[in-house]
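The chain contents come next:
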Amino acid sequence: MPAQFLRVLATCALVLGLAHPVHSARNYGDEQFRLEHGHDGKDVFWAPTPDAMVTRMLQTAKVTPADIVYDLGAGEGRIPIAAARAFGARAVGIEYSPEIAALARRNVRRAGLEGRVKIVVGDILVEDFSAATVVTMFLTPVLNRKLRPLLLQMKPGTRIVSHAFDMGDWQPDVTIATENAEAFFWIVPAQVAGEWSLRLPGEAAPTRLQLTQAYQQVSGILTVGERIVAVQGRLQGATLHFDYLRPDGTTATVTATADGRRFVGQQKHPQATGSVRGERR
């Protein structure tokens, strides 16, 4: 089913209070429970993520055996199972419906992955998924926005992939497209807004860096002695990249990790390459 149609259907069901979306005849369940497209849940109805999109989502997130993947709204368990079976990760699925969660557990057992996949019955707005290194979901625009503050509090570098729906004004780092579906990928950015005191190679005086932040987009002012320079940058997790103009009109590039109160990295410039150190003021 095209992603645009799913957007419209999900939004209408939430905003207008439609009781039941149209159900397809296909059964995604087993002999104990019949799960059909459109099965009602808490604030959302169930619809499958196509297998090709599942693969693309996990590939884009660069899932490895070192990852812990949490799937929010796990349904019948296809994303946690794929994360464990195809990528070697540990995975946890959070599913609100006890009947669907039981189906997912049976699917995990049938796949022989009970040691790597866990299915939890719970509310995604209540359950703790802070241990995740990767978060996947196929929810609704409303739920995505409710989750956004929780996601932004996660460890910088955590990867998030959402099938079909974005995060409003938090622009994705990557948009994923298959023949009949669309998904969005983000890397949780560090919080770097504020004032930093730096030492830059080739600059005799201490440098003050004042930053503002809109998710992964960063801008600000670099003050070196009496000189003031505008900067534009971008975060990838805890790694900040920005360029600035030196007095001779050439561009220096700074790449640094902003870890709590510390700022550590490197500057590249033909005459001023070296380490960058700093801390919050």
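Positions within a chain are numbered from 1, following the residues in the order the chain's sequence is written. Only residues with pLDDT of 70 or above have their local features reported here, since the model is predicted, and side-chain atom pairs are shown and tallied only from 80 upward, although totals for entire chains, interfaces and linings are computed over all residues. Neither water nor hydrogens contribute to the side-chain values; these are computed over all heavy atoms in the structure.

Asker: In this structure, what is going on with the nonpolar core? I would like to understand it.
Answerer: For soluble globular proteins, the rule of thumb is that nonpolar side chains tend to be buried together. Each nonpolar core is a collection of buried residues, namely Ala, Val, Leu, Ile, Met, Phe, Trp, Tyr and Cys, held together in the definition by side-chain atoms within 4.5 Å. Throughout this description, buried means an accessible area under 20% of the type-specific maximum (1.4 Å probe, protein chains only), exposed means over 50%, and partly exposed covers the range between. By size, the foremost hydrophobic cluster in this structure holds 28 residues, and its most contacted members are Leu58, Val63, Val69 and Val117. Taken together, the elements giving at least two residues each to this core come down to helix H2 (51-60), helix H3 (78-87), helix H4 (98-110), strand E3 (117-121) and strand E7 (182-187). Numbered from the N terminus, helices here are DSSP runs of H or I no shorter than four residues, and strands are runs of E no shorter than two. With six residues, the top contributor of residues to this core is H3. Non-local contacts of Leu58, meaning those with residues more than four positions away in its chain, are made with Val63, Ile79, Ala82, Ala83, Phe87 and Thr136. Ranked by size, the runner-up nonpolar core spans 23 residues in total, among them Leu72, Phe129, Ala132 and Val188. Should any heavy atoms of two residues lie within 4.5 Å, those residues are considered in contact.

Asker: So what exactly am I meant to see when it comes to the pattern of salt bridges here?
Answerer: Note that side chains of opposite charge can pair when their charged atoms are close. What makes a salt bridge here is a side-chain nitrogen of Lys or Arg within 4 Å of a carboxyl oxygen of Asp or Glu, nothing more. For the structure on display, the rule yields 13 salt bridges. Between Asp30 and Arg110 there is a salt bridge, with its nearest N and O atoms 2.9 Å apart. Linking Asp30 in the loop between helix H1 (3-15) and H2 with Arg110 in helix H4, this pair joins segments that are 80 residues apart in sequence. You can call Asp30 buried: its relative accessible area is 14%. Asp67 is paired through a salt bridge with Arg159; the nearest N and O atoms lie 2.7 Å apart.

Asker: Looking at this model, I keep getting lost on the packing of aromatic side chains. Mind explaining?
Answerer: Each aromatic ring pair is characterised by the separation of its centres together with the angle its planes make. Only Phe, Tyr and Trp rings take part, Trp by its six-membered ring, and two of them pair if their centres are within 6.5 Å. Stacked means planes under 30 degrees apart, edge-to-face means over 60, and tilted covers everything else. For the coordinates displayed, the defined rule picks out five aromatic pairs. Both rings, one in Trp170 and one in Trp186, keep their centres 5.7 Å apart while their planes meet at 45 degrees; by these two values the pair is tilted. Of this pair, Trp170 sits in the loop between strand E5 (159-163) and strand E6 (174-177) while Trp186 sits in strand E7, placing them 16 residues apart in sequence. Each member of the pair, Trp170 as well as Trp186, carries the same accessibility label: buried.

Asker: Can you walk me through the sheet that holds strand E11 (residues 227-236) in this structure?
Answerer: Picture the strands of a sheet paired through backbone hydrogen bonds; they go either parallel or antiparallel. Pairing is antiparallel around the closed barrel formed by eight strands, whose spatial order is E8-E9-E10-E11-E12-E13-E14-E15. Each strand axis lies, on average, 30 degrees off the axis of its neighbour in the sheet, ignoring direction. When DSSP locates at least two bridges between a pair of strands, those strands are taken to pair. Direction of pairing for strand E12 (residues 239-245) relative to strand E13 (residues 251-259): antiparallel, over a ladder of seven bridges. By the bridge assignment for E13, Tyr244 is matched with Ala252. Fitted lines through C-alpha atoms serve as axes, helices being fitted only where they are in contact, and the angles separating the N-to-C directions of these axes extend from 0 to 180 degrees.

Asker: Help me out: how do you make sense of H3 in this one?
Answerer: An α-helical turn contains 3.6 residues, so any two residues separated by three or four positions project in the same direction. Here H3 lies mainly inside the structure; seven of its 10 residues are buried. Among the residues of H3, those classed as buried are Ile79, Pro80, Ile81, Ala82, Ala83, Ala84 and Phe87. Among the structural elements, H2, strand E1 (68-72), strand E2 (90-95), H4, E3 and strand E4 (134-137) are those in contact with the buried residues of H3. Positioned one or two residues after H3, Gly88 has a phi angle of 75 degrees, which is positive.

Asker: What is the right way to read the sheet that holds E6 from this model?
Answerer: Pairing is mixed across the open sheet formed by seven strands, whose spatial order is E3-E2-E1-E4-E5-E7-E6. Here the strands that pair on one side only, and so sit at the sheet edges, are E3 and E6. The sheet shows a mean angle of 20 degrees between the axes of neighbouring strands, taken without regard to direction. Summarising the sheet, E1 and E4 pair through four bridges and their orientation is parallel. Bridged to Asp71 within E4 is Thr136. Seen against the sheet, helix H5 (residues 141-152) touches E1, E4 and E5 and runs at an angle of roughly 175 degrees to E4.

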